[in-house]
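The lines below spell out each chain.
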Amino acid sequence: GGPFPPAFPGSDRDPLFGVSSVRELYEKAGDVAGKYTVPILWDKKSCTIVSNESSEIIRMLNSEFNEFAKNPNLDLYPEKERSAIDEANEWIYHNINNGVYRCGFATSQSAYEKAIEDLTESFDRMDSILQKQRYITGNNLTEADIRLFVTLLRFDEVYIVYFKTNTRSVVQTSSVLNYCREIYQLPGVAETCNMDHIKQHYFTSHAKLNHYSIVPRGMDFKKHLAEPHDRN
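We now turn to the structure provided with this report.

Calculation criteria
- Residues numbered from 1 in each chain as written.
- Predicted model: local features only at pLDDT ≥ 70, side-chain atom pairs only at ≥ 80, totals over all residues.
- Heavy atoms only, no water.
- Pairing = 2+ DSSP bridges.
- Helix = DSSP H or I, 4+ residues; strand = E, 2+ residues; numbered from the N terminus.
- Patch = residues over 30% accessible without salt bridge, like charges linked within 9 Å, V, L, I, M, F, W, Y side chains within 5 Å.
- Areas by Shrake-Rupley, 256 points an atom, 1.4 Å probe, with all protein chains shown as cover.
- Salt bridge = Lys/Arg side-chain N within 4 Å of Asp/Glu carboxyl O.
- Buried < 20%, exposed > 50% of the residue type's maximum accessible area, 1.4 Å probe, protein only.
- Core = buried A, V, L, I, M, F, W, Y, C linked by side-chain atoms within 4.5 Å.
- Contact = heavy atoms within 4.5 Å.

Side note on the pairing of strand S2 (residues 48-51)
Right, so step 1: Pairing geometry for strand S1 (residues 41-43) and S2, over three bridges, is antiparallel. By the bridge assignment, Asp 43 is partnered in S2 with Thr 48.

See the structure below:
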């Protein structure tokens with residue numbers, strides 16, 4: 001969504017219309033009343049946005065397009081595990097996925113203290129779970145793990161610095177780091193993780209948080225993710 005110009009490394013124009021920003025897709029769909037957010041699921045036939053809610057899109061992609069899928073038998077929301085997945089999603093979303101934003105955009109010390117306390121407690125809860133089992137809801141990779149991973153991918157490089165979530169660190173938490181390594185090293189995952197895009201987007205998007213758009217160098221978190229995990 002950037003918008004990054006097409007010349008930006010790893011950035012291409014939209015293949016349908018040649019646009020270079022998500023805003024232009026919203027305008028084509030006539031949806032200009034709200035914010036221009038990602039992700040979006042686009043219907044090429046009706047030329048409109050089907051959904052821009054990630055929790056809906058992940059469910060749709062899990063089951064609604066199996067006739068076109070390379071791995072149609074992969075089910076990240078199996079019926080027998082749905083209760084546990086929904087329960088995990090609830091506390092992970094409020095305290096970790098959205099928790100980092102509650103910290104970063106807090107406008108009072110008390111609001112920040114509440115957010116960072118919730119985040120820290122939930123990070124420790126996650127750590128405790130992953131010391132006992134392979135994934136968040138058991139021994140199988142599920143939707144809950146995918147939703148958690150995308151936040152953990154950004155945690156050390158972005159959120160600790162930008163959103164003041166510095167009470168915990170993925171790199172310094174062995175169970176969480178090796179969990180992230182295993183997911184990152186699954187076929188097809190690493191090539192979707194463009195840390196340059198992630199950092200350029202965050203650190204140059206909010207003038208109030210980073211007036212001069214300085215992008216911190218960081219500690220090459222992806223290098224840590226590429227190292228062997230200890231979960232065999």
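Now that the structure has been shown, the text picks up again.
Comments concerning a nonpolar patch on the surface
Right, so step 1: On the surface, Leu 61, Phe 65 and Phe 68 cluster together to form a nonpolar patch covering roughly 340 Å² of accessible area.
Right, so step 2: Structurally, Leu 61 can be placed in helix H2 (residues 54-63).
Right, so step 3: A residue is classified by how much of its surface remains accessible, and Leu 61, at 52% relative accessible area, is exposed.

Here's the deal with unusual backbone geometry
A negative phi angle characterises most non-glycine residues, just as the trans form characterises most peptide bonds.
Right, so step 1: With an omega of 0 degrees, the peptide bond running from Val 38 to Pro 39 counts as cis.
Right, so step 2: Locating Pro 39 in the fold gives a position in the loop between helix H1 (22-28) and S1.
Right, so step 3: Phi angles above zero are rare outside glycine, and Ser 213 is one such case at about 55 degrees.
Right, so step 4: The backbone phi angle of Asp 220 is positive, close to 55 degrees, even though this residue is not glycine.
Right, so step 5: With respect to the secondary-structure elements, Asp 220 resides in the loop between helix H8 (195-203) and helix H9 (221-226).
Right, so step 6: With relative accessibility at 44%, the residue Asp 220 sits in the partly exposed group.

A word on the nonpolar core
Right, so step 1: In terms of nonpolar packing, the biggest core is built from 43 residues, with Met 126, Ile 136, Leu 152, Val 170 and Tyr 179 touching the most fellow members.
Right, so step 2: Those elements giving two or more residues to this core turn out to be helix H3 (82-97), helix H4 (99-104), helix H5 (109-132), helix H6 (143-162), helix H7 (174-184), H8 and H9.
Right, so step 3: No other element matches H6, which puts nine residues into this core.
Right, so step 4: With residues near it in sequence (within four places) discarded, Met 126 still touches Trp 91, Ile 96, Ile 136, Leu 148, Leu 152 and Val 176.
Right, so step 5: Formed by six residues, the second largest nonpolar core is a distinct cluster that contains Val 19, Leu 25, Trp 42 and Ile 49.

As for the pattern of salt bridges
Right, so step 1: Counted according to the given criterion, the structure contains eleven salt bridges.
Right, so step 2: In this structure, Arg 59 and Asp 86 form a salt bridge, with 3.2 Å as the shortest nitrogen-oxygen distance. With Arg 59 in helix H2 and Asp 86 in helix H3, this pair connects stretches of sequence that are 27 residues apart.
Right, so step 3: Here Asp 86 falls in the partly exposed class, since its relative accessible area comes to 35%.
Right, so step 4: The shortest N-O distance in the salt bridge between Arg 168 and Asp 124 comes to 2.7 Å. Here Asp 124 lies in helix H5 and Arg 168 lies in the loop between H6 and H7, a separation of 44 residues in the sequence.
Right, so step 5: With relative accessibility at 29%, the residue Arg 168 sits in the partly exposed group.
Right, so step 6: On the basis of relative accessible area, Asp 124 is assigned to the partly exposed category, the value being 31%.
Right, so step 7: In the salt-bridge network here, residues are joined through shared partners; they are Arg 59, Asp 86, Glu 143 and Arg 147.

In short, geometric facts, not functional conclusions.
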